[in-house]
Amino acid sequence: MASYIRQRPASWFRTVATMLVLWGLLGCLVFYAHATLSLPRGSEPSFWNWEYYQAVPRWFLVDYAIGVGASLLGSLAMLRRSRKANILYVVSLAAVIVQFGYLFATGGLSGPVQAFVIPAFILGVAIFQIWLAGMATRRGWLR
């Protein structure tokens, strides 16, 4: 069917888009916790090594903000049925690749869960977002 004809999305689309908005909000919350980490909280065992945290360059935080911000904005755009979700999700994926590429290259991730499962899941969600936005655009759900 022609892409210029507006189609009504499937019933599950709004639910998935809402879940992706919640995922984006969770990412923003984790970013806020990371960006505002202070010495008293940094010394707790559940957080990163304080010395390593202090050594993370500023561009890393900017990249992190771009990644979670673009993901949240892309999800909101998808919820509003806007094609802008496509480009925002691509920007988010690029930021995720840069972020985890840096962490793997510098050895900033340690432990079995942190080293593979969490980054792989985040990367998988970013790829799923791009796929979903592309499918929704092809079906005429995004305008």
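Just so we're clear, the structure is a prediction, and the values are computed from it rather than from any experiment.

Cut-offs and rules
- Residues numbered from 1 in each chain as written.
- Predicted model: local features only at pLDDT ≥ 70, side-chain atom pairs only at ≥ 80, totals over all residues.
- Heavy atoms only, no water.
- Phe/Tyr/Trp six-rings, centres within 6.5 Å; stacked < 30°, edge-to-face > 60°.
- Helix = DSSP H or I, 4+ residues; strand = E, 2+ residues; numbered from the N terminus.
- Buried < 20%, exposed > 50% of the residue type's maximum accessible area, 1.4 Å probe, protein only.
- Contact = heavy atoms within 4.5 Å.
- Axes fitted to C-alpha atoms, helices over the stretch in contact; angles between N-to-C directions.
- Parallel < 35°, antiparallel > 145°, perpendicular 65-115°, else oblique.
- Left-handed = near helix turned anticlockwise from the far one by under 90°.
- Nonpolar A, V, L, I, M, F, W, Y, C, P; charged D, E, K, R; others polar.

Asker: Help me get a handle on the packing of aromatic side chains, residues and values and all.
Answerer: Any aromatic ring pair is given by two values, namely how distant the centres are and how the planes are angled relative to each other. Evaluated as defined, the whole model comprises 10 aromatic pairs. Aromatic side chains phenylalanine 60 and tyrosine 102 sit 5.6 Å apart centroid to centroid with 45 degrees between the ring planes, which places their arrangement in the tilted category. Of this pair, phenylalanine 60 sits in helix α4 (residues 58-79) while tyrosine 102 sits in helix α5 (residues 84-106), and the two are 42 residues apart along the sequence. Comparing phenylalanine 60 with tyrosine 102 shows no difference in burial state: the two are buried.

Asker: Quick one: what's the story with the side chain of glutamine 129, residue by residue and with numbers?
Answerer: For glutamine 129, the position within the fold is in helix α6 (residues 112-138). Once residues lying within four places of it in the same chain are set aside, the contact partners of glutamine 129 are Leu20, Trp23, Ser71, Ser75, Met78 and Tyr89.

Asker: Describe unusual backbone geometry, with residues and values.
Answerer: Positive phi, normally seen in glycine, also occurs at arginine 81, with a value near 65 degrees. Locating arginine 81 in the fold gives a position in the loop between α4 and α5. Looking at arginine 81, the relative accessible area reads 18%, which means it is buried.

Asker: I'd like a rundown of the packing of helix α1 (residues 11-35) against α4, residues and numbers included.
Answerer: Contact geometry for α1 and α4: axes closest at 8 Å, N-to-C directions at 160 degrees. It follows from the interaxial angle that α1 and α4 lie roughly antiparallel. Read as a crossing pair, α1 and α4 show a hand that is left-handed. Its residues assigned to classes, the contact of α1 with α4 shows 19 nonpolar, six polar and one charged.

Asker: Outline the packing of α4 against α5, listing residues and values.
Answerer: A pair of packed helices can be characterised by two numbers: the angle between their axes and the separation between those axes. Where α4 contacts α5, the two axes come as close as 8 Å, and the packing angle between them is 150 degrees. Our classification of the angle between α4 and α5 gives roughly antiparallel. Crossing of α4 against α5: the hand is left-handed. Grouping the amino acids of the contact of α4 with α5 by side-chain chemistry returns 16 nonpolar, six polar and two charged.

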